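Structure assessment
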Amino acid sequence: AIRRIEPSDVTYNAGATLKFQLPSGRNVLNATAGANAVRHQRNKILDGEDYQFSAGAGTLVGPCSGLLGASYARRRSLAEDLALPVATNVTDQTSGSASLNCGEGAFISGVQASVGKFQNKTKRPGFVDSESKGVSASAGYRNATLGDISLIGQYSQVKYADEPINMPTPVPTGGQAFEQYGVGLQYARKIGMRLNGTASVLATKLHAEGGKSSGVSATANLNYKATSRIQLSLGYGRSDQASILTNTSYVHAQTIDFDMNYRLSQRISFSAGVAGSQDKYRGGMPTPLQIRESKKLAVNVSGSMTLGRNVQVALSAAHADRKADVPIYDFKSDSVSLGLTTQF
């Protein structure tokens, strides 16, 4: 009732994605464009379309590889992702990135840079526009026995709009920004013929509205080839991220996921996965109905079959469940989808 939406609904999604890749010797060019339309039986206010486009170009020069990328997306925020008492929100997200990675003998190094812009097109109260930039660098040693170990450093900044959008009494932010510094280690190694993994741990310093804090960011991924037909993967991550809400300094996020892929034959394959996440909104002065913590669980299963030489049909089912400290944000959904892929 607060968000003026019916508590249950049936939705229909129809979309298409076109991917293009042109390899040419030591160079590569790729582009992806997609569109998706969503319609609801009851909550027409949630109807809308999503668009996205991305492009990248890469090249090899001696022992180094370089990559440039750019993307644009116009998206409706999913109902299960909203953290304010509104029915929907539409955002424009633009980003660009560049990276250079080199390896000479046993020594490896790399540098990456990115910029981005986030705009709330519907001007919902409580959301704020922002611009971001970041840079990271790494230097390490590679050994066939010990694996790859690198020292990494990161810096990121998110600068918010001078005033919160559409507030009855705007409160200037004075250009305040979310800033994060991190330094740590990254390690990757193949264990035997079936198992390989990567892990990174960074000590971070966070500067956000409301004060400074220290933390730890970490990622870990394991891939295991159980048999020639079965592959398993396990991933974990934790980080502190900038918030798009005016009354929250930052979000502490943790995720864990497990996936299994089984290939019955050259034409038929199956997959299943489960993922969990927890978001804690920290700092700031929250409004009465603003979320402070939420947990999500998602389960999916799918099967695909290749028809002829270039056509693949996929059928999947998914379940999602979100629990929040403010009950109006609790969410459950069950969905099925049919997909068709071809190459030409």
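In this report, we go over the structure that sits alongside the text. Given the structure is predicted, the values throughout are model-derived calculations rather than measurements.

**Here we look at the overall build of the protein chain**
Summing up its helical and strand segments, the protein chain has 0 helices and 17 strands in all. Its C-alpha atoms give the protein chain a radius of gyration of 22 Å, near enough to 20 Å, the size a compact globule of 344 residues would have. By its C-alpha atoms, the protein chain is 60 × 50 × 35 Å across when sized along the principal axes. The burial tally for the protein chain puts 26% of its 344 residues in the buried class. Working note: accessible area of the protein chain is about 20800 Å², and carbon and sulfur atoms make up 59% of it. Seen as two clouds, the 36 positive and the 25 negative side-chain charges of the protein chain have centres 7 Å apart.

**Digging into the pairing of strand β4 (residues 64-76)**
Taken together, the 11 bridges between strand β3 (residues 48-61) and β4 define a ladder with antiparallel strand orientation. Looking at the pairing, Ala57 lines up with Leu68 of β4. The turn linking β3 back onto β4 is made up of 2 residues, and Gly62 within it adopts a positive phi angle of 60°. The pairing of β4 with strand β5 (residues 90-104) spans 13 bridges and is classified as antiparallel.

**Observations regarding the pattern of salt bridges**
Any two side chains of opposite charge can pair, so long as their charged atoms come close to each other. Here the structure, examined in full by the defined rule, presents 4 salt bridges. When the shortest N-O distance is used, the salt bridge between Glu49 and Arg39 registers 2.6 Å. With Glu49 in strand β3 and Arg39 in strand β2 (residues 27-40), the pair connects residues that are 10 residues apart, well separated along the chain. Its salt-bridge partner being Arg74, residue Asp92 comes within 3.3 Å of it at the nearest N-O pair. Here Arg74 lies in strand β4 and Asp92 lies in strand β5, a separation of 18 residues in the sequence. Since its relative accessible area comes to 9%, Asp92 is described here as buried. The exposure class of Arg74 is partly exposed, given its relative accessible area of 29%.

**Notes on the pairing of strand β9 (residues 177-191)**
Residues in a regular strand project their side chains so that they alternate between the two faces of the sheet. The sheet contact formed by strand β8 (residues 147-160) and β9 spans 12 bridges and is antiparallel. Note that in β9 the partner of Gln157 across the bridge is Glu179. Where β9 and strand β10 (residues 195-208) come together, 13 bridges link them in antiparallel fashion. Paired with Gln186 across the bridge in β10 is Ser200. Here β9 hands over to β10 after 3 residues, with Gly192 in that stretch at a positive phi of 70°.

**Section: the packing of aromatic side chains**
Summed over the entire model, instances satisfying the criterion amount to 2 aromatic pairs. The interplanar angle of 70° and the centroid separation of 6.1 Å between the aromatic rings of Phe107 and Tyr141 together place this pair among those described as edge-to-face. In this pair, Phe107 sits in strand β6 (residues 107-120) while Tyr141 sits in strand β7 (residues 130-143), placing the two residues 34 residues apart along the sequence. Judged by relative accessible area, which is 34%, Tyr141 ranks as partly exposed. Arranged with centres 5.0 Å apart and planes meeting at 45°, the rings of Tyr155 and Tyr181 form a pair that is tilted. Taken as a pair, Tyr155 in strand β8 and Tyr181 in strand β9 lie far apart in primary sequence, 26 residues in all.

Thresholds, definitions, all that
- Residues numbered from 1 in each chain as written.
- Predicted model: local features only at pLDDT ≥ 70, side-chain atom pairs only at ≥ 80, totals over all residues.
- Heavy atoms only, no water.
- Helix = DSSP H or I, 4+ residues; strand = E, 2+ residues; numbered from the N terminus.
- Rg over C-alpha atoms; globule rule 2.2 N^0.38 Å.
- Buried < 20%, exposed > 50% of the residue type's maximum accessible area, 1.4 Å probe, protein only.
- Areas by Shrake-Rupley, 256 points an atom, 1.4 Å probe, with all protein chains shown as cover.
- Lys, Arg positive; Asp, Glu negative; His and termini not counted.
- Charge placed at Lys NZ, Arg CZ, Asp CG, Glu CD.
- Pairing = 2+ DSSP bridges.
- Salt bridge = Lys/Arg side-chain N within 4 Å of Asp/Glu carboxyl O.
- Phe/Tyr/Trp six-rings, centres within 6.5 Å; stacked < 30°, edge-to-face > 60°.

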